[in-house]
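In case you want the letters, here they are:
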Amino acid sequence: MISIIAAVGKNNELGKGNDLVFHLKEDMKYFRETTAGHTVAMGRKTWESLPGKLKNRTNIVFSRHEVEGADESVSDIEAFAKKYQDTEEEIFIIGGGSIYAAFLPYAKNLYLTEVDASADADVFFPSFDKKNYDKTIIKKGSENGIDYTFAKYTIK
Ligand SMILES: NC(=O)c1ccc[n+]([C@@H]2O[C@H](COP(=O)([O-])OP(=O)(O)OC[C@H]3O[C@@H](n4cnc5c(N)ncnc54)[C@H](OP(=O)(O)O)[C@@H]3O)[C@@H](O)[C@H]2O)c1
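To start, this report covers the structure provided alongside it. For clarity, every value in this text was computed on a predicted model and none was experimentally measured. (Residues numbered from 1 in each chain as written. Predicted model: local features only at pLDDT ≥ 70, side-chain atom pairs only at ≥ 80, totals over all residues. Heavy atoms only, no water.)

## Points about the site of the ligand
Note the threshold: Whether a residue is near a molecule or strand depends on its heavy atoms: it is near if one of them lies within 4 Å of it. As used in this structure description, the phrase polar contact means that two N or O atoms lie within 3.5 Å; if the pair is within protein, one of them must be able to donate a hydrogen and the other to accept it, and residues adjacent in sequence are counted only when both atoms belong to side chains. The way it works is that DSSP assigns letters per residue, a run of H or I at least four long becomes a helix, a run of E at least two long becomes a strand, and they are numbered from the N terminus. Three classes are used, and their members are as follows: Ala, Val, Leu, Ile, Met, Phe, Trp, Tyr, Cys and Pro are nonpolar, Asp, Glu, Lys and Arg are charged, and the others, Gly among them, are polar.
Around the ligand, the surrounding shell holds 25 residues, and the nearest of these are Ala7, Arg44, Thr46, Ser63 and Ser98. Within the backbone of Ser75, an N or O atom sits 3.4 Å from a nitrogen atom of the ligand. When residues of the shell around the ligand are traced back to their parent elements, those giving at least two are β1 (2–8), β2 (13–16), β3 (19–20), α2 (44–49) and α4 (97–103). The element best represented in the shell around the ligand is α4, accounting for 4 residues. Here the residues of the shell around the ligand sort into 10 nonpolar, 10 polar and 5 charged.

The structure is reproduced here in structure tokens:
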């Protein structure tokens, strides 16, 4: 099964200058806890934005080239998506914008941290039709005056 996990602003903002636009400690903790022990898969640019490999997780990187340091580099996104679409095992797609867009048609769950703020961004989460998903609110919170909601969308 494929699950997407992302933090998005009011206008679907994801990142700017190959960095995140929101830095919420609680969201980082939620991300760590949700993905711990699983395989995480990401685009080469997101990989390069990280300080290093994400601990306690298998790190897959999508690139047209071999990526040094990754547990596996994958060049055929479609084949990967089809292979894991119906597995019991949950694979987390962790960004960035181009990879979310590629996996949206294959993802069963979207774990979205909906941040109630806007930001200057150059990468956005793709638009999707919320009518096609059931929405569960996992938790709401606030950090440094910024409200956020951990929401889970599951395809109907
Ligand atoms: N808010 C969040 O939750 C969140 C999460 C993650 C990332 N981000 C942000 O998102 C931004 C990065 O996103 P991005 O869209 O610029 O880059 P990205 O999706 O992380 O990576 C793009 C790279 O992935 C590879 N790729 C993409 N499509 C491919 C395909 N069809 N086949 C093979 N490889 C493919 C290519 O690597 P090669 O060029 O090596 O071939 C491409 O350059 C950053 O600002 C980051 O901070 C935000």
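## So, the pattern of salt bridges
Where we set the bar: In what follows, salt bridge is the name for a side-chain nitrogen of Lys or Arg lying within 4 Å of a carboxyl oxygen of Asp or Glu. Working definition: with a 1.4 Å probe on protein chains only, accessible area under 20% of the residue-type maximum means buried, over 50% means exposed, and in between means partly exposed.
Using the criterion set out here, one finds 9 salt bridges in the structure. In this structure, Lys82 engages Glu78 in a salt bridge whose closest nitrogen and oxygen atoms are separated by 2.8 Å. Of this pair, Lys82 and Glu78 both sit in helix α3 (residues 77–84), 4 residues apart, roughly one helical turn. Look at Glu78 and you get partly exposed, because its relative accessible area is 44%.

## Some remarks on the packing of aromatic side chains
Spelled out, the test is: Each aromatic pair joins two rings of Phe, Tyr and Trp (for Trp, the six-membered one) with centres within 6.5 Å, and gets the label stacked for planes under 30 degrees apart, edge-to-face for over 60, and tilted for any other angle.
Evaluated as defined, the whole model comprises 12 aromatic pairs. Aromatic pair Phe62 and Phe80: ring centres 5.2 Å apart, planes at 80°, arrangement edge-to-face. Linking Phe62 in strand β5 (residues 58–62) with Phe80 in helix α3, this pair joins segments that are 18 residues apart in sequence. The same class applies to Phe62 as to Phe80, namely buried. Measuring from ring centre to ring centre gives 4.8 Å for Phe80 and Tyr84, while their planes differ by 50°; the resulting arrangement is tilted. Of this pair, Phe80 and Tyr84 both sit in helix α3, separated by 4 residues, roughly a single helical turn. For Phe80, a relative accessible area of 6% translates into the label buried.

## Observations concerning the layout of surface pockets
Put simply, the rule is: Using a 1 Å grid laid over the protein atoms alone, points where a 1.4 Å probe fits but cannot get out form a cavity; open sets with protein on both sides within 12 Å along at least 5 of 7 lines form a pocket; any residue with an atom within 4 Å of a point counts as lining. Grid points are joined across faces, edges and corners, and a volume is the space filled by probe spheres set on the points.
By volume, the largest pocket is sized at about 1,300 Å³. What lines the largest pocket is a set of 48 residues, and nearest its centre among them are Lys45, Thr46, Ser49, Gly95 and Gly96. Taken together, the elements giving at least two residues each to the lining of the largest pocket come down to β1, β2, β3, α1 (25–35), α2 and α4. For the lining of the largest pocket, the class distribution of residues is 21 nonpolar, 15 polar and 12 charged. Computed from the structure, the second largest pocket encloses a volume of approximately 180 Å³.

## As for the nonpolar core
Note the following rule: We define a nonpolar core as any set of buried Ala, Val, Leu, Ile, Met, Phe, Trp, Tyr and Cys residues linked to one another through side-chain atoms lying within 4.5 Å. Here a residue-residue contact requires only that any non-hydrogen atoms of the pair lie within 4.5 Å.
In this structure, Ile4, Phe62, Phe80, Ile93, Phe103, Leu110 and Phe125 are the most contacted members of the largest nonpolar core, which totals 27 residues. For this core, the secondary structure elements donating two or more residues are β1, β5, α3, β7 (91–93), α4, β8 (109–115) and β11 (146–155). Per-element tally for this core: the top contributor is β1, with 4 residues. In contact with Phe80, not counting residues within four places along its chain, are Ala41, Ile60, Phe62, Val74, Ile91 and Phe103. If you look at the next biggest cluster of nonpolar residues, it comprises 21 residues, including Phe22, Met42, Val115 and Ala121.

## Observations regarding the side chain of Ser3
Relative to the helices and strands, Ser3 resides in strand β1. Of the polar contacts made by the side chain of Ser3, one reaches the side chain of Glu90; its length is 2.5 Å.

## Focus: the environment of Trp47
By the secondary structure assignment, Trp47 is in helix α2. Trp47 gets classed as buried once you look at its relative accessible area, which sits at 12%. Along the primary structure Trp47 and Tyr84 are separated by 37 residues, whereas in three dimensions their C-alpha atoms are 21 Å apart.

What is shown is where atoms sit, not what they do.
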